[in-house]
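# Topology and contacts: notes
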Amino acid sequence: MKYLKLIRYQNLLLLAFMQLIFRYGFLKLQNIPLALNHFQYALLVLSTVLIAAAGYVINDILDQETDYDNRPDKTIVGRLISEKTAYNMYFAFSIFGVGIGYYLANAIQKPSFAGVFIIISATLYMYATNLKQMLLIGNIIVALLLSLSVLVIGLFDLLPATYDGNRQVMGDIFAILIHYAIFAFIINLIREIVKDMEDVDGDYNQGMSTLPIAIGISRTSKVAFVLGLIATFILLLYINSNLMSFGLYYAVIYALLFVVAPMIFFVTKIWSAKTKEDFHLLSTVLKWVIFFGILSVLVITLNVNYVKG
């Protein structure tokens, strides 16, 4: 169990679920060709999960002192697992993750696409070593990497199967993936800021430069409030223009109940949040927003295909 906790298995399951939903709850239900077979797509998911797991491991290795200050009873590296073992896990996950990516890039005859996995793996290492300590840069990097895990689906499954005859349709579907990637980026960026507020004491003791340390928890709460308000407003506009206007009422109800409502809860609570418990709760709420937001692609697809009008 300690090894599963080290690699944040819940987050990895969410990542894998997200990629499977996009493939089998969205792309497979469209009348389009796809570049990867089932086995190759499973390898794409595995590669993404392995590289993400490597990122969690190296982050824990280099964050031992900060984690001890923030969550002394939950630290793993140095307490339950030796640093040497953790490093071995990091190298194994990285090598296999990038290696699978290299195989897939050649399988779709796009060898340069292997660079995507190399860049993600290298960025995760730089995040753990340097970028995490830079004001907002670390937050943006983490949020971008989640978005890339959505876009990589289009790069490997859609783009190689695109030709002149289906370019318009494939472009429209890729655009939907981009919309979800932007959604994941915005919500995860807010969540990373909230997590910084939760961990402010340990980060301060380690000399890190996070937004709560730079401007204080109270002002950071207001920043998160404004970002949450903007995100909620964008969601409502998107629902109105892309779901309501096409009569996708089941999808509208789903989005309002499971995506917008939790965001409204977040916005109302973050303004006055002060304790670790408050920030932990709000971080969890945003994680569920991401989960239900991703799941909405299946709800929308079913509404379009089977419950029209």
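A few points on the structure. (Residues numbered from 1 in each chain as written. Predicted model: local features only at pLDDT ≥ 70, side-chain atom pairs only at ≥ 80, totals over all residues. Heavy atoms only, no water.)

## Here's the deal with the overall build of the chain
In terms of regular secondary structure, the chain is built from 13 helices and 0 strands. Of the regular secondary structure in the chain, the N- to C-terminal order runs α-α-α-α-α-α-α-α-α-α-α-α-α. Compactness check: the chain gives a C-alpha radius of gyration of 20 Å against a globular reference of 19 Å for 309 residues, within 12% of the reference. In terms of principal-axis extent, the alpha carbons of the chain reach across some 60 × 45 × 30 Å. For the chain, the proportion of its 309 residues judged to be buried stands at 49%. Long-range contacts, defined here as pairs at least 24 residues apart, represent 76% of the contacts in the chain between residues at least 6 apart. For the chain, the accessible surface area stands at approximately 15100 Å², while carbon and sulfur atoms represent 67% of it. Each charge sign in the chain was given a centre, from 21 positive and 18 negative side chains, and these centres are 6 Å apart. (Helix = DSSP H or I, 4+ residues; strand = E, 2+ residues; numbered from the N terminus. Rg over C-alpha atoms; globule rule 2.2 N^0.38 Å. Buried < 20%, exposed > 50% of the residue type's maximum accessible area, 1.4 Å probe, protein only. Contact = heavy atoms within 4.5 Å. Areas by Shrake-Rupley, 256 points an atom, 1.4 Å probe, with all protein chains shown as cover. Lys, Arg positive; Asp, Glu negative; His and termini not counted. Charge placed at Lys NZ, Arg CZ, Asp CG, Glu CD.)

## Observations concerning the side chain of Ser283
On the secondary structure map, Ser283 appears in helix α13 (residues 276-306). Those residues in contact with Ser283 that sit more than four places away from it in its chain are Arg191, Val194 and Lys195.

## Focus on the packing of helix α3 (residues 38-62) against helix α6 (residues 114-129)
When two helices pack together, their arrangement is given by the angle between the helix axes and by the axis-to-axis distance. Axis separation between α3 and α6 bottoms out at 8 Å; the angle between their running directions is 15 degrees. In terms of axis orientation, α3 runs roughly parallel to α6. Considering the relative orientation of α3 and α6, their crossing is right-handed. On α6, the residues touching Leu44, Ser47, Ile51, Ala52, Gly55, Ile58, Asn59 and Leu62 of α3 are Phe117, Ile120, Ser121, Leu124, Tyr125, Tyr127, Ala128 and Thr129. When grouped by side-chain class, the residues that make up the contact of α3 with α6 number 11 nonpolar, 5 polar and no charged. (Axes fitted to C-alpha atoms, helices over the stretch in contact; angles between N-to-C directions. Parallel < 35°, antiparallel > 145°, perpendicular 65-115°, else oblique. Left-handed = near helix turned anticlockwise from the far one by under 90°. Nonpolar A, V, L, I, M, F, W, Y, C, P; charged D, E, K, R; others polar.)

## A few points about α13
Its 31 residues give α13 an end-to-end C-alpha distance of 45 Å, which sits within 8% of 45 Å, the value for a rise of 1.5 Å per residue. When the local axis directions of α13 are compared, the greatest deviation, roughly 25 degrees, occurs at Leu295. (Expected span 1.5 Å × (residues − 1). Bend = angle between axes of the 7 residues up to and from the residue.)

## Considering unusual backbone geometry
Backbone geometry places Arg8, a non-glycine residue, at a positive phi of 55 degrees. Relative to the elements of secondary structure, Arg8 occurs in the loop between α1 (2-6) and α2 (9-24). When its relative accessible area of 25% is taken as the criterion, Arg8 is described as partly exposed. Unlike most non-glycine residues, Gln109 shows phi in positive territory, near 60 degrees. In this fold, Gln109 is placed in the loop between α5 (83-107) and α6. Residue classification places Gln109 among the exposed positions, given a relative accessible area of 69%.

## Points about the nonpolar core
Membership of the largest hydrophobic core comes to 100 residues, with the highest contact counts inside it found for Phe22, Phe156, Leu158, Val194, Phe266 and Ile270. Here Ile270 is in contact with Val194, Met197, Ser221, Ala224, Phe225, Phe279 and Leu282, once residues within four sequence places are set aside. (Core = buried A, V, L, I, M, F, W, Y, C linked by side-chain atoms within 4.5 Å.)

## Topic: a nonpolar patch on the surface
On the surface, a nonpolar cluster with roughly 240 Å² of combined accessible area is contributed by Val226, Ile230 and Ile234. With respect to the secondary-structure elements, Val226 resides in helix α11 (residues 217-242). Note on Val226: relative accessible area 43%, which makes it partly exposed. (Patch = residues over 30% accessible without salt bridge, like charges linked within 9 Å, V, L, I, M, F, W, Y side chains within 5 Å. Salt bridge = Lys/Arg side-chain N within 4 Å of Asp/Glu carboxyl O.)

## A few points about the packing of α2 against α3
Direction vectors running N to C along α2 and α3 enclose 155 degrees, while the axes themselves pass 10 Å from each other. One way to sum up the angle between α2 and α3 is to call them roughly antiparallel. Helix-helix and strand crossings are classified by hand; for α2 and α3 the assignment is right-handed. Facing Asn11, Leu12, Leu15, Ala16, Gln19, Leu20, Arg23 and Tyr24 of α2, the residues of α3 in contact are His38, Tyr41, Leu44, Val45, Thr48, Val49, Ala52, Ala53 and Tyr56. For the contact of α2 with α3, the class distribution of residues is 12 nonpolar, 4 polar and 1 charged.

## Re the environment of Thr232
Locating Thr232 in the fold gives a position in helix α11. Using a relative accessible area of 8% as the deciding quantity, one classes Thr232 as buried. With sequence-adjacent residues up to four places away left out, Thr232 is seen in contact with Val260, Met263, Ile264 and Val267.

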